[in-house]
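# Analysis of the macromolecular model
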Amino acid sequence: MSSEVSTDDELDEGADYRKRRRTLEGQHRLLLRGITNRLEGEFGELLPRDTLDHYVADSYQELSARAKVLTHIPAFVERFARQRLKALARNEGLIEDHPPAVLFVCRRNDATSQMAAAIFNRDVGDRANASSAGPAPTHDLEEKAVHALQEIGIELLDAFPKPITEEVERAADVVITLDSHDDIPVVDGKHYEAWRLPDLHEQGLEGYRQLRQELESRIVELVDRVVPAAPPPTHVAFDADLDELTRLVTEMSHEVVNLVRRLGVAIDQSDGDDFEAIVAADASIDDADLMISQRVMELIARRQPVAS
């Protein structure tokens, strides 16, 4: 008998695995309804319920098909479906005010693209956002990549390998491939960049440290190109507002002084015509005073607690 033929024990073990998987998938269906309900609270005003159902179910199928263990899949499904729904809403013009989006792609989405997205998001705060994906994602992150980021204070607690999807690719302003440059579909009008990185994966943790440094250097330049400048610190903006108020008050005080001098001359000379001109000029000073008062109230409301 050929050694390639499965034994009875192997067949029984495979049957048990499939049975356990079907049982767990049945339990997960209840959790998926809960996920859809939560996402409806976020997207219900933008997208219909059947769209939410579809993306939750499809995200589960995409992730579970590659997973060795299904236990934690629902948590990943919720994050993955949320990302895809945000991208869909943006593509359809349902979300107009959004920061620039960058998508990093590597084949397995288990190391390089995850590192790049995490470093980018650290550097830009809420001025932009980055995500990662891969055409052939594996089932878990590369531990050495995770450790290399931990050394610079970045935790990949919520990260997981995920496939590249059409709506996420379309929603990105820039798509950067880190390997497998020919393995992703090209969307017309999208800006693509191919970063040729040194292959350091076989050099252990030190290789990932060097890769991290290379990514940090490239991302500095990328941020300068695609991310809007950060607003000035609150105290700097507050000082600028105060300087503007000082200028307005100074201009108004000069007008008041000049008007009082004219009034004195008009009284000495009993010049009735100048009296009327002075009264008209006083109205503009009242308008300036009202504008300054409004600016002060806006400043206090906008700059709390700094204004206090």
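The rules we used
Residues numbered from 1 in each chain as written. Predicted model: local features only at pLDDT ≥ 70, side-chain atom pairs only at ≥ 80, totals over all residues. Heavy atoms only, no water. Axes fitted to C-alpha atoms, helices over the stretch in contact; angles between N-to-C directions. Helix = DSSP H or I, 4+ residues; strand = E, 2+ residues; numbered from the N terminus. Parallel < 35°, antiparallel > 145°, perpendicular 65-115°, else oblique. Left-handed = near helix turned anticlockwise from the far one by under 90°. Contact = heavy atoms within 4.5 Å. Nonpolar A, V, L, I, M, F, W, Y, C, P; charged D, E, K, R; others polar. Salt bridge = Lys/Arg side-chain N within 4 Å of Asp/Glu carboxyl O. Buried < 20%, exposed > 50% of the residue type's maximum accessible area, 1.4 Å probe, protein only. Pairing = 2+ DSSP bridges. Patch = residues over 30% accessible without salt bridge, like charges linked within 9 Å, V, L, I, M, F, W, Y side chains within 5 Å. Areas by Shrake-Rupley, 256 points an atom, 1.4 Å probe, with all protein chains shown as cover. Lys, Arg positive; Asp, Glu negative; His and termini not counted. Charge placed at Lys NZ, Arg CZ, Asp CG, Glu CD. Right-handed = clockwise from strand over helix to strand, strands pointing away. Polar contact = N/O pair within 3.5 Å; in protein donor to acceptor, adjacent residues only side chain to side chain. Core = buried A, V, L, I, M, F, W, Y, C linked by side-chain atoms within 4.5 Å. Expected span 1.5 Å × (residues − 1).

Across the interface, helix α4 (residues 112-124) lies against helix α7 (residues 204-226) with an axial gap of 9 Å and an inter-helix angle of 50°. Taken as axis vectors, α4 and α7 run oblique relative to one another. Between α4 and α7 lies a crossing whose hand is right-handed. Residue-level inspection shows Thr112, Met115, Ala116, Ile119, Phe120, Arg122, Asp123 and Val124 of α4 in contact with α7, the latter providing Tyr208, Leu211, Arg212, Leu215, Glu216, Ile219, Leu222, Val223 and Val226. For the contact of α4 with α7, a count of residues per class yields 12 nonpolar, 1 polar and 4 charged.

This part takes up the pattern of salt bridges. In this structure the tally under the stated criterion is 22 salt bridges. In this structure, the salt-bridge partner of Glu214 is Arg218, at a minimum N-O distance of 2.8 Å. Remark: Arg218 and Glu214 occur in helix α7; sequence separation between them is 4 residues, near one turn of the helix. The salt bridge involving Arg247 is made with Glu251; its shortest N-O contact spans 2.6 Å. Within this pair, Arg247 and its partner Glu251 are both found in helix α8 (residues 234-269), separated by 4 residues, close to a single helical turn. For Arg247, a relative accessible area of 37% corresponds to the partly exposed category.

The strand order β2-β1-β3-β4 describes an open sheet built from 4 strands, whose pairing is parallel. Only two strands of the sheet have a single partner each, and these edge strands are β2 (129-133) and β4 (191-194). Neighbour-to-neighbour, the strand axes of this sheet turn through a mean angle of 20°, independent of strand direction. Bridge count between strand β3 (residues 174-177) and β4: 4 bridges; the pairing is parallel. Looking at the pairing, Thr177 lines up with Ala194 of β4.

On the surface, Asp282, Asp286, Asp287 and Asp289 cluster together to form a negatively charged patch. Overall, Asp287 belongs to the exposed group, its relative accessible area being 54%.

The backbone phi angle of Asn109 is positive, close to 50°, even though this residue is not glycine. For Asn109, the location among the structural elements is in the loop between β1 (101-105) and α4. For Asn109, a relative accessible area of 0% translates into the label buried.

Of all 5 residues making up β2, 4 are buried, and the element is well covered by its neighbours. By the bridge criterion, 5 bridges tie β1 to β2 in an arrangement that is parallel. Looking at the pairing, Leu103 lines up with Ser131 of β2. Running through α4, the crossover from β1 to the neighbouring parallel element β2 is right-handed.

Locating Ser64 in the fold gives a position in helix α2 (residues 49-64). Of the residues examined, Ser64 reaches a relative accessible area of 2% and is grouped as buried. A polar contact of 2.7 Å, which involves the side chain of Ser64, links it to the backbone oxygen of Tyr60.

Moving on, we get to the nonpolar core. Membership of the largest hydrophobic core comes to 32 residues, with the highest contact counts inside it found for Phe104, Phe120, Trp195 and Leu215. Secondary structure elements with two or more residues in this core: β1, α4, α5 (143-150), β3 and α7. Per-element tally for this core: the top contributor is α4, with 7 residues. Among residues more than four places away in sequence, those in contact with Leu215 are Thr112, Met115, Ala116, Ile119, Trp195 and Leu197.

Together, Leu263, Ile267 and Phe275 give the surface a local cluster of nonpolar side chains, amounting to about 250 Å² of exposed area. Locating Phe275 in the fold gives a position in helix α9 (residues 272-303).

What follows is about helix α3 (residues 73-91). The end-to-end C-alpha separation of α3 is 27 Å, in line with the 27 Å expected for 19 residues at 1.5 Å each. With 14 of 19 residues buried, α3 is to be regarded as a mostly interior element. Downstream of α3 by one or two residues, Gly93 has phi in the positive range, about 75°.

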